[in-house]
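Listed below are the residues making up each chain.
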Amino acid sequence: MKYLEFAESCERISAISKRLEIRSLLSDLIRPLVPEDVPPVLYMLQGLLRPEYEGVELGAGDALVLKALAVATGLGEDSLKDRVRARGDMGEVASEVLSEQRVRYQSEGLAVTEVYAALLDIARTGGEGSQESKVGGIARMLSRTSPVEAKHLVRFLLGKLRLGVKEMTILDALAEVYGGSDPKKARVEIEEAFNVSPDLGEIGTLLAQGGLNALSAVSLRWGRPVRPMLAERERSLAGLFERMGKSLALEYKYDGLRVQAHVDASGNVRLFSRRLEDLSAQFPDVVASLPGAFENLPVIAEGECVPVDVETGELRPFQDISRRRGRKYDLERMTEEVPVRLFLFDLLLRGKDSLLGMPYPDRRKALEAVVRRGDRVELATRAIVSTVPDAEAFFQRALLDGCEGVMAKSLAPESRYKAGARGFLWIKYKREYTTELGDTIDAVIVGAYRGRGKRAQWYGAFLMALFDPDRGGFATLCKVGTGFDEASLARLTERLDRSAVPAKPSTVDTGFTPDLWVDPQIVLELRGAELSLSPVHSAASGLIREGYGLALRFPRFTGKFREDKGPEDATTVREAVEMYQGQVRKVESPAKP
Ligand code: AMP
């Protein structure tokens, strides 16, 4: 296909917005293509050179393209710049100046494949002198284009093609062109293949070469992400059983970043996000830990990457990990500041075998058999439950352990991995909670845990308690290891060593055993996400529910030592109960209009 035909299609498509009309224009464009033309056309329609997850970028900014346009037209950069400023679109300007220079473009037209190859070449040119050679490459193309070609080529180069052609509309068009007598059924099959291989160039080539049947060749491949399976939601635990039957699996629903990890036989690793972006460079710590985390390679596994407090082993809120997203610099410092752990919950490829068609219980078994659990890589906690009370208990445990809820997974034989699909084979059940407790809490240190890694010379985490005037003692609310700088840790370590006692003080009520017991004296100001019922912490035990105390979720030290407060001036368990109830009322009260 000539690039002119492609550019003219772009011109028509950019003038309309209705999906149906776009689809029919796309079908007309795709129908006459030979297989070699298919990938260039399908990628370039989306303003891409390769599937998005490969991250191929042209590296051609405004100045560079302007320079190339000046070279190709013989016009001055300044005058071109003025025209771009007035017009607001360099594509339009390119088209105009070429119309004015009518004699120039008599040469034989460019082929789509020729333009595509030249663009790929430009994208891959790097290092010294690369700017000049990019300008040269672009100028050579522009000097052979007609006005309409120049317009769309320039827009493409600047990443401003913006035709509004969605992947799903391209799939519609492919079904129309290659779907034979039943395009609707074909559309489903094409999307299924695309979910496993979200590379339109590959899917389109297969269709052009061998029709629908050729799609059976689509399989998992290292470095090419699968579109992730998604979950429906339920508002009650009983609802989970109505949907999934007598028994079901519950997994912790971790609140972090979904990661699809590809590890090949030589230990090369690629990490992809839920939106299929390549995350590998942002998480060098996870990349480094993965080759050793499996008994057999290659694998493709999925999990949730969650920030952890290495001192307490507890999970941290999602906001922490967002500090590591999209970063190019300071990676090493961030790896230390925001350590993460990957909780794996699915296995898609093991050796040469795709597990996508296997029911969930078998995939989970395979995952458990292949994962070597460690500091950085863990299995998602899960249980099989058959009653609502058991489900409730597991859900409470999940909240207590810092998760946002649970993910129910069907155990049925048809519970295969449905790439790219949202369905009731996975159902999420979360509790909504306020993200920040309005008030701070003053809690007393009753014990301390030795630091790890860089904090090994100090205590790194502390067992915190509230005062209970009725019992005349202290009951624990949380462990905290976040929010401390080195100076505070050094200061606390010195003071705690002085107030150390050989065994648990009789005034302290707790089921925990810290490395060091101390006389309750030091009061710290804490913040947290919310107060939640806890079967393990003893603060306010039995005051709200039999067998439960209160815990502070995601606690962190505000930096404030409450020197002004003695241990008996700390927040009392009664006050905590009031805070808890206020919070529950807030969650339950209907939203104001
Ligand atoms: P949501 O983002 O609220 O639609 O919930 C779905 C997301 O939960 C998934 O995309 C994962 O990132 C995350 N998730 C956390 N834990 C699990 C788990 N055990 N199984 C599946 N997804 C999980």
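Please read all numbers here as calculations on a predicted model, not as lab measurements.

Undergrad: In this structure, what is going on with unusual backbone geometry? I would like to understand it.
TA: A cis amide bond, omega -5°, links Leu297 with the succeeding residue Pro298. Phi at Leu276 is positive, roughly 70°, even though this residue is not glycine. Take Leu276: it is sitting in the loop between β4 (269–272) and α14 (284–289). Positive phi outside glycine occurs at Asp330, with the angle close to 60°. Assignment of secondary structure puts Asp330 in the loop between α15 (318–322) and α16 (331–337). By relative accessible area, Asp330 is classed as partly exposed at 40%.

Undergrad: I'm lost on the sheet that holds strand β11 (residues 422–430) in this one. Help?
TA: Sheet strands line up and pair through hydrogen bonds in the backbone, either parallel or antiparallel. Spatially, the 5 strands line up as an open sheet ordered β1-β11-β10-β2-β9, and their pairing is mixed. In this open sheet, the two strands that pair with only one neighbour each are β1 (230–233) and β9 (382–385). Mean inter-strand twist for the sheet, computed between neighbouring axes without regard to direction, equals 35°. Pairing analysis gives 5 bridges linking strand β2 (residues 248–253) to strand β10 (residues 405–409), with the strands arranged antiparallel.

Undergrad: Explain helix α11 (residues 183–196) to me, please; I cannot follow it from the model alone.
TA: The end-to-end C-alpha distance of α11, which contains 14 residues, comes to 20 Å, matching closely the 20 Å that a straight helix rising 1.5 Å per residue would cover. Each element contacted by the buried residues of α11 is listed here: α2 (19–30), α10 (167–178) and α12 (200–210).

Undergrad: Honestly, the pairing of β10 in this entry has me stumped. Any pointers?
TA: The side chains of a regular strand alternate, residue by residue, between the two faces of the sheet. For β10, the tally of buried residues reaches 5 of 5 residues, placing the bulk of the element in the interior. With 5 bridges joining them, β10 and β11 adopt antiparallel strand pairing. What sits directly across from Ala408, in β11, is Ile427.

Rules used in this analysis
- Residues numbered from 1 in each chain as written.
- Predicted model: local features only at pLDDT ≥ 70, side-chain atom pairs only at ≥ 80, totals over all residues.
- Heavy atoms only, no water.
- Helix = DSSP H or I, 4+ residues; strand = E, 2+ residues; numbered from the N terminus.
- Buried < 20%, exposed > 50% of the residue type's maximum accessible area, 1.4 Å probe, protein only.
- Pairing = 2+ DSSP bridges.
- Axes fitted to C-alpha atoms, helices over the stretch in contact; angles between N-to-C directions.
- Expected span 1.5 Å × (residues − 1).
- Contact = heavy atoms within 4.5 Å.

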